[in-house]
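Letter by letter, the chains look like this.
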Amino acid sequence: MTDKPIDWTPDLSLPTSKSTVQHFIANAGGDRLEIDTTPWGEADLTVNGQSIAHLATAPSAGDAFRTLEAVAEDFEAGRESGRDAHLGQAIEDDEVRERLGLPRS
C-alpha cells in the first residue's frame, strides 16, 4: 500500500440515491484513478482510462469500493517502487477475491 492514503472525491454531478451508480475520482502519483460502484456490489477501477480491476460479486457497494481502493493503493505503491506488474493487465474478480482471502465465486 502507499505511504499516504489516496484521497477519493465523489462525483457530485451524478444523482445520489441508494439505487444509482456512484463515481469516485482521485489523483495519485500522476495517475487519474476512478472507481464506479453499484448498489448490488459490482464495481470497476480505472487508471488513466484503462480498466484495471472489476468486481462482480461484492456484498455491497461499500465493500466493493473498499476492495478496489486497496487494489488502487497496491497499484500505486507498485508504480512508486518501479514495479508495473499490473499495468496493462486487468485483474479478474477471482484474483482480487483470492488475494483478499475471500472465497472464490
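Residues numbered from 1 in each chain as written. Predicted model: local features only at pLDDT ≥ 70, side-chain atom pairs only at ≥ 80, totals over all residues. Heavy atoms only, no water.

A.B. asks: Would you mind going over the environment of Ser13 in detail, with residue names and values included?
C.D. replies: Mapped onto the fold, Ser13 is located in the loop between strand 1 (9-10) and strand 2 (22-28). The exposed category is assigned to Ser13, whose relative accessible area is 63%. When the C-alpha positions of Ser13 and His23 are compared, they lie 9.5 Å apart, and in sequence the two are ten residues distant. Polar side-chain contacts of Ser13 include one of 2.6 Å to the side chain of Asp11. (Helix = DSSP H or I, 4+ residues; strand = E, 2+ residues; numbered from the N terminus. Buried < 20%, exposed > 50% of the residue type's maximum accessible area, 1.4 Å probe, protein only. Polar contact = N/O pair within 3.5 Å; in protein donor to acceptor, adjacent residues only side chain to side chain.)

A.B. asks: Would you mind going over the pairing of strand 3 (residues 31-37) in detail, with residue names and values included?
C.D. replies: With five of seven residues buried, strand 3 is to be regarded as a mostly interior element. By the bridge criterion, seven bridges tie strand 2 to strand 3 in an arrangement that is antiparallel. Of the residues in strand 3, the one forming a bridge with Gln22 is Thr37. Hairpin geometry of strand 2 and strand 3 is characterised by an intervening segment of two residues between the two adjacent antiparallel strands and by a positive phi of about 55° at Gly29. Relative to strand 4 (residues 43-47), strand 3 is paired through five bridges, and the arrangement is antiparallel. In the sheet register, Ile35 faces strand 4, and the bridge partner there is Leu45. In textbook terms, the turn of a hairpin is the stretch between consecutive antiparallel strands, and for strand 3 and strand 4 this stretch comprises five residues, one of which, Gly41, has a positive phi near 95°. (Pairing = 2+ DSSP bridges.)

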